[in-house]
Amino acid sequence: MSRTLGRLLATASLASLAVTALAAAPAHAAPTRDEPAGQAVVQSVTLSADAALEIAQAAMREAARQKQRVTVVIVDRSGATRLVVKGDGAGPQTEESARRKAFTAVSFGKATGELGRSLTGSRPSIADIPGTLFLAGGVPVASGGAPIAGVGVGGAPSGDIDEAIAQAGLKAVAGRLR
């Protein structure tokens, strides 16, 4: 047998042993490069449509009590709009303002009034992120310590009033958020 043929047979035998060993490996073996580790499906907590409606209704009741013409927007954890209630007489800018406040609150897990007070200086900051608005009036909805939605209110003459209205809406479901 030639030397080259002997090497080929030895290589083929080793390859055969490697394939056999892989086939006999237990099913719980560590993932290979071709198989990513971790879960393929992740479950998340979502604010129900009924709870979103309840928040919006409570916020609009508070706005009426304070004689304010506002818009209430609720977004989910990803920032997608779930609900918009534009009150009678609310200005055209109120919907976008409320949406951006809700988005900011859920993105950072804090009320926009608190976030706005922490911004200082002229250097780039989180306020430069597109779609955010750091005026008071947005509050996060949290479950299990994590934000799951955001409530934004726009249209009152001050952000503090907007935020009080948003807080009144959140209070309507606060005892049922796990």
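This one's a predicted model, so the numbers in the text were calculated from it and none came from an experiment.

Enquirer: Where do I start with the environment of Ala 156 in this structure?
Expert: Relative to the elements of secondary structure, Ala 156 occurs in the loop between β4 (146–154) and α5 (159–171). Note: C-alpha distance between Ala 156 and Thr 94 (62 residues apart in sequence) is 8.9 Å. If we ignore the near neighbours within four places in the chain, the residues touching Ala 156 are Gln 68, Arg 69, Val 70, Ile 161 and Asp 162.

Enquirer: Sorry if this is basic, but what is going on with the layout of surface pockets here?
Expert: Any empty space left between atoms is shown by rolling a water-sized probe over those atoms. One number sums up the size of the largest pocket: a volume of about 200 Å³. In terms of residue class, the lining of the largest pocket is built from six nonpolar, three polar and two charged.

Enquirer: For this particular structure, what's the right way to read the nonpolar core?
Expert: Buried together is how nonpolar side chains tend to be arranged in soluble globular proteins. Ranked by internal contacts, the top residues of the largest apolar core, which has 23 residues, are Leu 47, Ile 55, Ile 74, Val 141 and Val 151. When residues of this core are traced back to their parent elements, those giving at least two are α2 (49–65), β1 (71–76), β3 (138–143), β4 and α5. Among the elements that take part in this core, α2 stands out by supplying six residues, more than any other. Within the second largest apolar cluster, five residues are counted, among which are Val 73, Val 75, Ala 102 and Val 106.

Enquirer: Where do I start with the pairing of strand β2 (residues 81–86) in this structure?
Expert: Successive residues of a regular strand alternate their side chains across the two faces of the sheet. Bridge count between β1 and β2: five bridges; the pairing is antiparallel. Bridging from a neighbouring strand, Val 72 pairs with Val 85 of β2. The antiparallel hairpin formed by β1 and β2 contains four residues in its connecting segment, where Gly 79 sits at a positive phi of about 90 degrees.

Enquirer: Can you walk me through the sheet that holds β2 in this structure?
Expert: As a general point, the strands of a sheet are linked pairwise by backbone hydrogen bonds and lie either parallel or antiparallel. With antiparallel pairing, the four strands of this open sheet are ordered in space as β2-β1-β4-β3. Single-partner strands in this sheet number two, and they are β2 and β3. Averaged over all adjacent pairs, the angle separating strand axes in this sheet is 15 degrees, with direction ignored. Pairing analysis gives six bridges linking β1 to β4, with the strands arranged antiparallel.

Thresholds applied
Residues numbered from 1 in each chain as written. Predicted model: local features only at pLDDT ≥ 70, side-chain atom pairs only at ≥ 80, totals over all residues. Heavy atoms only, no water. Helix = DSSP H or I, 4+ residues; strand = E, 2+ residues; numbered from the N terminus. Contact = heavy atoms within 4.5 Å. 1 Å grid on protein atoms, 1.4 Å probe; cavity = no way out; pocket = protein on both sides within 12 Å on 5 of 7 lines; lining within 4 Å. Points joined across faces, edges and corners; volume = space filled by probe spheres on them. Nonpolar A, V, L, I, M, F, W, Y, C, P; charged D, E, K, R; others polar. Core = buried A, V, L, I, M, F, W, Y, C linked by side-chain atoms within 4.5 Å. Buried < 20%, exposed > 50% of the residue type's maximum accessible area, 1.4 Å probe, protein only. Pairing = 2+ DSSP bridges. Axes fitted to C-alpha atoms, helices over the stretch in contact; angles between N-to-C directions.

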